[in-house]
Amino acid sequence: MAVKDRDRFSTATRIRLLGEQTAARVYRSQTKRQARRSRLTGRAALLALVVCSLVVALAYPIRQYVAQRAEIADLEQQKQQARERVEELRDLKARWQDDAYAEQRIRERLHYVMPGETGFVVIDPDAAKQARTDLGSADRPWYANVWDGVDKSDAADR
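Fair warning: this is a prediction, and the values are worked out from it, not measured in the lab. (Residues numbered from 1 in each chain as written. Predicted model: local features only at pLDDT ≥ 70, side-chain atom pairs only at ≥ 80, totals over all residues. Heavy atoms only, no water.)

Draft legend 1. Representation of the overall build of the protein within the structure. Secondary structure assignment for the protein yields six helices and zero strands. In the protein, the succession of helices and strands from N to C terminus is α-α-α-α-α-α. When the accessible surface of the protein is split by element, carbon and sulfur atoms take 59% of a total near 15,100 Å². (Helix = DSSP H or I, 4+ residues; strand = E, 2+ residues; numbered from the N terminus. Areas by Shrake-Rupley, 256 points an atom, 1.4 Å probe, with all protein chains shown as cover.)

The structure is reproduced here in structure tokens:
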């Protein structure tokens, strides 16, 4: 046993143990450093910062560009509709310059007849009945007619 104790306290053994302990500490610190070290290097962080700043700087102009393109499309559609409306009005103007068309519309709307013709007006029977019922409302006071109108509109909602 004395040999073992002596060997344990020998300088070579102590230096060897000290070296092993130091090597173990260094190995542990390197593995901890590697575990703690993130994959984000300085270059990657700078690149991410530049990309983010570009996105922020370009977001507003791109949004404005898209909005203006949509507005241009709407205005072009309105322009096309206006052109179509102008064409319709030109056609209508050309039709009204024709005497036969003007005469037809005047006869239809104003019930004009040419000399020697007999004009007839066809009255809707339902309209005549409605007119007769309205004659009775002239005898009553105005507020009664208003109140009847309110009642009729209320009944129509149900």
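Let's pick the thread back up.
Draft legend 2. Highlighting the packing of aromatic side chains. Following the criterion strictly, the structure yields two aromatic pairs and no others. Note on Trp-142 and Tyr-143: the rings are 5.9 Å apart at their centroids and 85° apart in plane angle, and the pair reads as edge-to-face. Both residues of the pair, Trp-142 and Tyr-143, belong to the exposed class. (Phe/Tyr/Trp six-rings, centres within 6.5 Å; stacked < 30°, edge-to-face > 60°. Buried < 20%, exposed > 50% of the residue type's maximum accessible area, 1.4 Å probe, protein only.)

Draft legend 3. Examining the packing of helix H3 (residues 42–96) against helix H4 (residues 99–110) more closely. Where H3 contacts H4, the axes come no closer than 6 Å and their chain directions differ by 90°. By the criterion of interaxial angle, the relationship of H3 to H4 is roughly perpendicular. In this structure, H3 contributes Leu-92, Arg-95 and Trp-96 to the contact, and H4 contributes Tyr-101, Ala-102 and Arg-105. Residues belonging to the contact of H3 with H4 are distributed by class as follows: four nonpolar, no polar and two charged. (Axes fitted to C-alpha atoms, helices over the stretch in contact; angles between N-to-C directions. Parallel < 35°, antiparallel > 145°, perpendicular 65-115°, else oblique. Contact = heavy atoms within 4.5 Å. Nonpolar A, V, L, I, M, F, W, Y, C, P; charged D, E, K, R; others polar.)

Draft legend 4. Quick peek at a nonpolar patch on the surface. Side chains of Leu-46, Leu-49, Val-50, Leu-54, Leu-58, Ile-62, Tyr-65 and Val-66 sit close together on the surface and give an oily, nonpolar patch of about 800 Å² of accessible area. Note that Leu-46 resides in helix H3. A relative accessible area of 53% places Leu-46 in the exposed class. (Patch = residues over 30% accessible without salt bridge, like charges linked within 9 Å, V, L, I, M, F, W, Y side chains within 5 Å. Salt bridge = Lys/Arg side-chain N within 4 Å of Asp/Glu carboxyl O.)

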